[in-house]
Amino acid sequence: MSSVTTNKMTNWRWVMCAMLFFATTVNYMDRQVLSLTWKEFIAPEFHWTDSDYGTITGAFSVFYAIFCLFAGKFVDWMGTKKGYLIAIVVWSLGAVLHAGCGWATMTAYGLENIDALRAVGAGSELASNVAMLSVYLFLACRMILGLGEAGNFPAAIKVTAEYFPKKDRAFATSIFNSGASVGALAAPATIPLLAKALGWEMAFIIIGLLGFVWAGIWIFVYDKPAESKFVNEAELRYVNQDDENEKAEEVEVEEKQLSFAKAFTYRQTWSFAFGKFMTDGVWWFFLFWAPAYFQDQFGYEASSNMGIALIFTLYAIVTVLSMFGGYLPKLFVEKKGMNPYQGRMLAMLIFAFFPVLALFAQPMGDAYGAWWPAIIIGLVGAGHQAWSANIFSTTGDMFPKSAVATITGIGAMAGGCGSFLINKGSGMLFTYAEQQGAAFQFMGFEGKPAGYMIVFCICAVPYLIGWSVMKLLVPKYKPVVID
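Bear in mind the structure is a predicted one, so any value in this text is a computation, not a measurement.

**Quick notes on helix H8 (residues 166–198)**
So, step 1. Taking 1.5 Å of rise per residue, 33 residues should cover 48 Å, and H8 covers 46 Å from first to last C-alpha, within 8% of that figure.
So, step 2. Backbone geometry just downstream of H8 places glycine 199 in the positive-phi region, at approximately 100°.

Written out as structure tokens, the structure reads:
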């Protein structure tokens, strides 16, 4: 029972939301270190091609997808406090370990220093071996990173379901989910400069250490609402307002657990999973490839002033606009009288049209310069983050709290599979398009620009398809009751 007994309602739920925000920020910064350093700093050392990088990002998506399937179940089994703590410690360790890949590669081939590594003849057998070994080493580190990161969203969504009533969950989710945008915003302003000043290895180490700091704070601040000394009876009643049969001062009764086999018998599970499969890859493509795009197409390296400005602007747009993603369904619920699911689906339909703008990124960039793609991709990313905040919240609408992390993990697994397809496919496409040069053409573009145009076209339509199938599977609000 809460030890806070004042009549005025406490607001500890927003402290929890802030913790989720910072965890998600660190999560995305750790994930983005590679995308901001590979083209300028790492590829010249290890002789990587776009296909090599696509293999790493694609494989990370697979690792993440597999681990997500079990991460939600792990969090439900271990409990939110321990589950989240273990997740962030594991992914932070994985982030730091990236720094050792260069040393391990040099040691394996008897190379004395970085200059010797860079001096390996391009196209030689040694260069090929160096590239292959370094890719495997980075894959091992990405696997550890993905193992931990898979727990972030299942745990965060579970905390949201524990601390917020349904009408507030999309707004709370949009706030903590904006940590992805803020992490992506902070990353280009810090990581390339760290890599340039201290070496790319230190960029992985410094950003990775942030997670250990968060873990130390989490131990002391989190407890379930009914057990937290920072939550009083008024706030507990507010948090539990959706449950008419539960008294605010009683400890929450343990709910039945949902097995994997049973989870896949519900249309609601398939609806959430399909929506994630169709759309997560779009966000991950821009997250992983945007820095390379601005370097390939416009010559702006990630550490240059212009490169930093472009990526920063892109994610500033995402961060500001995506905050409205959680407020819109709240408006529909409170002003239009819709139930939370109706309001969420209407908001998601609106946001599903934002990615259509991706069709104009390459043509506008070709005609008017790099700022137009930065702005357009920012709007696409804002649409995705607003969509993401709402699709995550549909799990809390439909499933009991005891199953939320499990369903979220299944959906994240599906999203990881979609991300693998677009990232691995993009790497192969870009390498092939570059090799073919003028012989490879699409919609008036040739070579690698034609490859980017193809992927932008692919990114434009998945949200509308995903929304349509979700609506077909679950046309109206229908909560799941576990037998």
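Next comes the rest of the account.
**Things to note about the nonpolar core**
So, step 1. Counting 148 residues, the largest nonpolar core has Trp48, Phe138 and Phe285 as its most contacted members.
So, step 2. With 18 residues, helix H1 (residues 12–46) is the largest single contributor of residues to this core.
So, step 3. The contact partners of phenylalanine 138, leaving out residues within four places of it in the chain, are Leu34, Ile42, Phe46, Trp48, Ile56, His98, Cys101, Trp200 and Phe204.

**Some words on the packing of helix H4 (residues 101–108) against helix H6 (residues 125–149)**
So, step 1. Packing of H4 against H6 brings their axes to within 10 Å, and their N-to-C directions diverge by 145°. Crossing angle aside, the handedness with which H4 passes H6 is right-handed. Between H4 and H6, the contacting residues are Cys101, Ala104, Thr105 and Ala108 on the first element and Val130, Leu133, Ser134, Leu137, Phe138 and Cys141 on the second.

**Some points on the packing of aromatic side chains**
So, step 1. Scanning the entire structure with this criterion turns up 47 aromatic pairs.
So, step 2. Their ring planes at 75° and their centres at 4.9 Å tell us that tyrosine 53 and tryptophan 289 sit as a pair that is edge-to-face. Pair noted here: tyrosine 53 is in helix H2 (residues 50–78) and tryptophan 289 is in helix H12 (residues 267–298), with a separation of 236 residues, a long-range link.
So, step 3. Between phenylalanine 153 and phenylalanine 176 the ring centres are 6.2 Å apart and the planes differ by 40°, which places this aromatic pair in the tilted class. Placement of phenylalanine 153 in helix H7 (residues 152–163) and of phenylalanine 176 in helix H8 is noted, with a sequence separation of 23 residues between them.
So, step 4. Classification of phenylalanine 176 by relative accessible area gives buried; the value is 0%.
So, step 5. Every member of this aromatic cluster is reached through a ring pair, and the members are Trp38, Tyr53, Phe285, Phe286, Trp289, Tyr293, Phe294, Phe298, Phe430, Tyr452 and Phe456.

**Quick notes on the pattern of salt bridges**
So, step 1. Following the criterion strictly, the structure yields nine salt bridges and no others.
So, step 2. The shortest N-O distance in the salt bridge between arginine 13 and glutamate 235 comes to 3.1 Å. Taken together, the residues arginine 13 in helix H1 and glutamate 235 in helix H10 (residues 233–239) connect sequence positions 222 residues apart.
So, step 3. In this structure arginine 13 comes out as buried when scored by relative accessible area, which is 5%.
So, step 4. When salt bridges that share partners are traced, they join Lys39, Asp50, Asp296, Glu434 and Lys448 into one network.

**A short note on the side chain of histidine 98**
So, step 1. Position of histidine 98 among the secondary structure elements: in the loop between helix H3 (80–97) and H4.
So, step 2. For histidine 98, a relative accessible area of 0% gives the class buried.
So, step 3. One polar contact links the side chain of histidine 98 to the main-chain carbonyl oxygen of glycine 94, over a distance of 2.8 Å.
So, step 4. Setting aside chain neighbours within four positions, we find histidine 98 in contact with Phe138, Cys141, Arg142, Leu145, Trp200 and Phe204.

Rules used throughout
- Residues numbered from 1 in each chain as written.
- Predicted model: local features only at pLDDT ≥ 70, side-chain atom pairs only at ≥ 80, totals over all residues.
- Heavy atoms only, no water.
- Helix = DSSP H or I, 4+ residues; strand = E, 2+ residues; numbered from the N terminus.
- Expected span 1.5 Å × (residues − 1).
- Core = buried A, V, L, I, M, F, W, Y, C linked by side-chain atoms within 4.5 Å.
- Buried < 20%, exposed > 50% of the residue type's maximum accessible area, 1.4 Å probe, protein only.
- Contact = heavy atoms within 4.5 Å.
- Axes fitted to C-alpha atoms, helices over the stretch in contact; angles between N-to-C directions.
- Left-handed = near helix turned anticlockwise from the far one by under 90°.
- Phe/Tyr/Trp six-rings, centres within 6.5 Å; stacked < 30°, edge-to-face > 60°.
- Salt bridge = Lys/Arg side-chain N within 4 Å of Asp/Glu carboxyl O.
- Polar contact = N/O pair within 3.5 Å; in protein donor to acceptor, adjacent residues only side chain to side chain.

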